[in-house]
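Here is what each chain is made of, one letter per residue.
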Amino acid sequence: MDMSVWFLLGAALVFFMQCGFAMVESGFTRAKNAGNIIMKNTMDFCIGTVAFVLLGFSIMCAEDYAFGFIGIPNLDIFTSWASFDFSGFVFNLVFCATAATIVSGAMAERTNFIAYIAYSFLISLVVYPVEAGWVWNPQGWLFTNGYIDFAGSSAIHMVGGTMALIGAAILGPRIGKYGINADGKKVAKAIPGHSITLGALGVFILWFGWYGFNGAAAADATQLGWILLTTTLAPAIAANVTMLFTWIKDGRPDVSMTLNGALGGLVGITAPCANVDALGAIIIGAVAGLLIPISVEFIDKVLHVDDPVGAVAVHGVCGIWGTLAAGLFAIDGVGLFYGGGFAQLGVQLAGVGAILAWTAITITVVFFLIDKTIGLRAKAEDELQGLDISEHGLVSAYADFLAAPDTSVYYADAAVTPLLPDTVALAAPTATVDAETAIPVVRRAAEGGTEAGKSKFSKVEIITRPQMLEPLKLALENIGVTGMTVTNVVGHGLQQGRTGTYRGVAVDAPFVSKVKVETVVSLVPVSDVIATAKKVLYTGTIGDGKIFVTDVENVVKIRTGEEGYDALQDYVE
């Protein structure tokens, strides 16, 4: 095959990786945000294209370069079309889009959409092009010093991971992600993604696209075969190591972590793919496979940075490792372990440090300015109900399925109190109707339904929005209600559910997601339960819910045979 044709086919494979990122990010997050994530992964390429045309390409690939630091834009794409480097533009554009899309995964489920558009544009306009020019422009200072990053472990993945870490830290965790336990320590709560199948599909698409990512710039067929071999060995070994590590540590192999392990191996081999042999690729993959579970847990449990998809560990940590590994395992007397001494490793360290500094400073400024102007984080109410409906008017990304209500902020461990991020505040109710009359209470049995001499039992059913479950639960516990049953339900009142639009056409969702909380009380007055529920749930808008009260004839505890009042009591054994 003509290598110039392969060059463009490789670029097409890299473009297809956008699909892989979209599948991984949507699968590893909740269904209520799937449409929002697909929209972001679509638009970061489209918006990035505009930015790259306007300025990014001219900075990165400029013929006139200032002090090896930054290209002087000549805008040849507009002024010298006949002699313009069409292939080079397409090739560099798809790589630029990859750097931008990495960020969305770590900041998923709580980022304001317009803020995403703004920072994605700026990443492709200037943040990525400057440092990528250092690495790949023949006049860039890292290029002239012999820096090894064949396909972008540092220039793309480390940069994306760094931006993801800073963005997720500034943004704050998703509501319900962290809590305080009985010892006063901050603890992390797992918020599983809605489709491990989509996540796995995304990983396979990314692995497939990576053959173009690493191999597109191969000089000939021999080098291409070399690159594809190392690009296969490293992720395969990494996945095995991650699987075994989690199996030994947790007693079972972790599916999502193993998928991350494969991606970590791919990132790790990206910089040295054309410079290491099989043994080097195996070692690089093995180390990446260990780094993934260790760094994912460190970022989550120690740094308390909420990264739903593991983007910081996969791209940031393994990007650094892969870049430094080039200085350790590069063959032909270059790498430290192949007789080259510390010279190449020193160049790699300098490049990593410089790129990290540039990325951290510029993206912090970008996020700070966006946060202080248009706002980086979505409203708490929008986050709780899902960004699909609030940002895009999309009732569900799965139109033919009943939506599974999200109860991810519910803590099964009563000793853990959920934390609301400092950057998040629920909006105050703007109701015009008094709370005392806002929620109807329906008596479904006659008063005095119990026999004389027996304790009176009342069953209280509360139907409300899924996102209000945690506040309601805590409020009821505070008045002494400890036993309750929670059920995910769907239904509607006279308003016939919430409507949205799809492709410009109104969509009627006849059933909306609700939760039903049931409890039977005796000692706690029913009036207190009703008053507490009203206070927590009332906003004055359609959908606040209803409370139903029913008389209960008797209560039996199966384990002990106790009946009546005694059956309702909790004992610590």
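Residues numbered from 1 in each chain as written. Predicted model: local features only at pLDDT ≥ 70, side-chain atom pairs only at ≥ 80, totals over all residues. Heavy atoms only, no water.

Novice: Go over the overall build of the protein, please, and point to the residues and values.
Specialist: Of the regular secondary structure elements, the protein holds 18 helices and 12 strands. In the protein, which comprises 573 residues, the share counted as buried stands at 50%. Put simply, 78% of the contacts in the protein that link residues at least 6 apart link residues at least 24 apart. Accessible area of the protein: about 25,000 Å², with a carbon and sulfur share of 65%. (Helix = DSSP H or I, 4+ residues; strand = E, 2+ residues; numbered from the N terminus. Buried < 20%, exposed > 50% of the residue type's maximum accessible area, 1.4 Å probe, protein only. Contact = heavy atoms within 4.5 Å. Areas by Shrake-Rupley, 256 points an atom, 1.4 Å probe, with all protein chains shown as cover.)

Novice: Describe the packing of aromatic side chains, naming the residues involved and giving the relevant values.
Specialist: Overall, the coordinates contain 21 aromatic pairs when judged by the stated rule. Between Phe57 and Phe89, the ring centres sit 5.2 Å apart and the planes meet at 70 degrees, which makes this aromatic pair edge-to-face. On the criterion of sequence distance, the pair formed by Phe57 in helix α2 (residues 34-60) and Phe89 in helix α4 (residues 86-106) is long-range, its members being 32 residues apart. Taking relative accessible area as the criterion, Phe89 reaches 9% and is therefore assigned buried. With centroids separated by 5.4 Å and ring planes inclined at 55 degrees, the aromatic side chains of Phe329 and Phe337 adopt a geometry described as tilted. Residue Phe329 is classed as buried on the basis of its relative accessible area of 6%. Just above the ring of Tyr178 sits the side chain of Lys177; from NZ or CZ to the centre is 5.8 Å. Over the ring of Tyr178 we find Lys186, and its NZ or CZ is 5.2 Å from the ring centre. (Phe/Tyr/Trp six-rings, centres within 6.5 Å; stacked < 30°, edge-to-face > 60°. Lys NZ or Arg CZ within 6 Å of the ring centre and 35° of its normal.)

Novice: Go over the packing of helix α9 (residues 221-250) against helix α11 (residues 278-302) with me, naming the residues and quoting the values.
Specialist: Interaxial distance between α9 and α11 falls to 7 Å at its minimum, and their mutual angle equals 40 degrees. Taken together, the axes of α9 and α11 lie oblique to each other. Here α9 and α11 pass one another in a crossing that is right-handed. Here α9 contributes Thr230, Leu233, Ala234, Ile237, Ala238, Val241, Thr242, Phe245, Thr246 and Lys249 to the contact with α11, which in turn contributes Ala278, Ala281, Ile282, Gly285, Ala286, Gly289, Leu290, Ile292, Pro293, Ile294 and Glu297. Here the residues of the contact of α9 with α11 are counted per class, giving 14 nonpolar, 5 polar and 2 charged. (Axes fitted to C-alpha atoms, helices over the stretch in contact; angles between N-to-C directions. Parallel < 35°, antiparallel > 145°, perpendicular 65-115°, else oblique. Left-handed = near helix turned anticlockwise from the far one by under 90°. Nonpolar A, V, L, I, M, F, W, Y, C, P; charged D, E, K, R; others polar.)

Novice: Which residues make up empty space enclosed by the protein, and what are the values?
Specialist: Taken as a whole, this structure holds 1 cavity of 30 Å³ or more when the rule is applied. The space that makes up the largest cavity amounts to roughly 110 Å³. Around the largest cavity, the lining comprises 13 residues; the ones closest to its centre are Phe21, Val24, Val309, Ala311 and His315. Those elements that provide at least two residues to the lining of the largest cavity are α1 (3-27), α4, α10 (255-270) and α12 (311-329). For the lining of the largest cavity, the class distribution of residues is 8 nonpolar, 4 polar and 1 charged. (1 Å grid on protein atoms, 1.4 Å probe; cavity = no way out; pocket = protein on both sides within 12 Å on 5 of 7 lines; lining within 4 Å. Points joined across faces, edges and corners; volume = space filled by probe spheres on them.)

Novice: I'd love a proper account of the confidence of the model for the protein, names of residues and values included.
Specialist: When pLDDT is averaged along the protein, the result is 88; 86% of the residues meet or exceed 70. When pLDDT is averaged over each helix and strand of the protein, the minimum, 48, is found for strand β6 (residues 441-443) and the maximum, 98, for α12. (pLDDT = per-residue confidence, 0-100.)

Novice: So what about helix α13 (residues 343-373)? Which residues, and what values?
Specialist: Helix length check: α13 (31 residues) gives 46 Å between terminal C-alpha atoms against 45 Å at 1.5 Å per residue, within 8%. One or two residues past the end of α13 sits Gly375, with phi positive at roughly 90 degrees. (Expected span 1.5 Å × (residues − 1).)

Novice: Which residues make up the side chain of Thr246, and what are the values?
Specialist: Among the secondary structure elements, Thr246 is positioned in helix α9. When near neighbours in sequence (up to four residues on either side) are disregarded, Thr246 contacts Gly251, Arg252, Pro253, Asp254, Met257 and Pro293.

Novice: Could you give an account of the environment of Gly88, with specific residues and numbers?
Specialist: Positionally, Gly88 belongs in helix α4. Classification of Gly88 as buried rests on a relative accessible area of 8%. Residues Gly88 and Phe57, spaced 31 residues apart in sequence, show a C-alpha to C-alpha distance of 9.3 Å. Apart from residues no more than four positions distant in its own chain, Gly88 is found in contact with Phe7 and Phe57.

Novice: Explain the nonpolar core residue by residue, including any values.
Specialist: Counting 101 residues, the largest nonpolar core has Tyr119 and Tyr128 as its most contacted members. For this core, the leading source of residues is α4, giving 12 residues. The contact partners of Tyr119, leaving out residues within four places of it in the chain, are Val103, Ser104, Met107, Thr111, Val366, Phe367, Ile370 and Leu376. Residues Val460, Val481, Val526 and Leu537 belong to the second largest nonpolar core, which totals 18 residues. (Core = buried A, V, L, I, M, F, W, Y, C linked by side-chain atoms within 4.5 Å.)

Novice: How would you sum up the pattern of salt bridges? Please name residues and give values.
Specialist: Across all of its chains, the model carries 14 salt bridges by this definition. Ionic pairing is found between Lys249 and Glu297, a salt bridge with its closest N-O pair at 2.8 Å. Of the two residues, Lys249 sits in helix α9 while Glu297 sits in helix α11, which places them 48 residues apart along the sequence. (Salt bridge = Lys/Arg side-chain N within 4 Å of Asp/Glu carboxyl O.)

Novice: Break down a nonpolar patch on the surface for me, citing the residues and quoting the values.
Specialist: Among the surface-exposed residues, Val50, Leu54, Leu75 and Phe78 lie close enough to one another that they form a single nonpolar patch of about 350 Å² accessible area. Inspection of the secondary structure assignment puts Val50 in helix α2. (Patch = residues over 30% accessible without salt bridge, like charges linked within 9 Å, V, L, I, M, F, W, Y side chains within 5 Å.)

Novice: Give me the lowdown on unusual backbone geometry, citing residues and values where you can.
Specialist: The phi angle at His304 is positive, at roughly 55 degrees, despite the residue not being glycine. Structurally, the position occupied by His304 is in the loop between α11 and α12. One non-glycine residue, Asp332, lies in positive phi territory at about 60 degrees. The residue Asp332 is located in the loop between α12 and α13 in this model.

Novice: Go over the pairing of strand β11 (residues 512-521) with me, naming the residues and quoting the values.
Specialist: Most of β11 sits inside the fold, with 7 of its 10 residues counted as buried. Of the strand pairs in this sheet, strand β7 (residues 457-464) and β11 are connected by 7 bridges, and their pairing is antiparallel. Residue pairing in the sheet places Ser458 in a bridge with Val521 of β11. Alignment of strand β8 (residues 485-491) against β11, held across 7 bridges, turns out to be antiparallel. When the bridges of β11 are listed, Asn488 appears paired with Val515. (Pairing = 2+ DSSP bridges.)

Novice: Please give an account of the packing of α10 against α11 that cites residues and values.
Specialist: Relative to each other, α10 and α11 sit at 130 degrees, their axes nearing to 8 Å. The orientation of α10 with respect to α11, classified from their angle, is oblique. Crossing geometry of α10 relative to α11 is assigned as right-handed. In this structure, α10 contributes Met257, Asn260, Gly261, Gly264, Gly265, Gly268 and Ile269 to the contact, and α11 contributes Ala281, Ile284, Ala288, Ile292, Pro293 and Val296. For the contact of α10 with α11, the class distribution of residues is 8 nonpolar, 5 polar and no charged.

Novice: So, the environment of Phe16: which residues are in play, and what are the values?
Specialist: Relative to the helices and strands, Phe16 is located in helix α1. The partly exposed category is assigned to Phe16, whose relative accessible area is 36%. Distance in space between the C-alpha atoms of Phe16 and Val94 is 9.2 Å, their sequence separation being 78 residues. Other than its neighbours up to four places away in sequence, Phe16 contacts Ile205 and Phe208.

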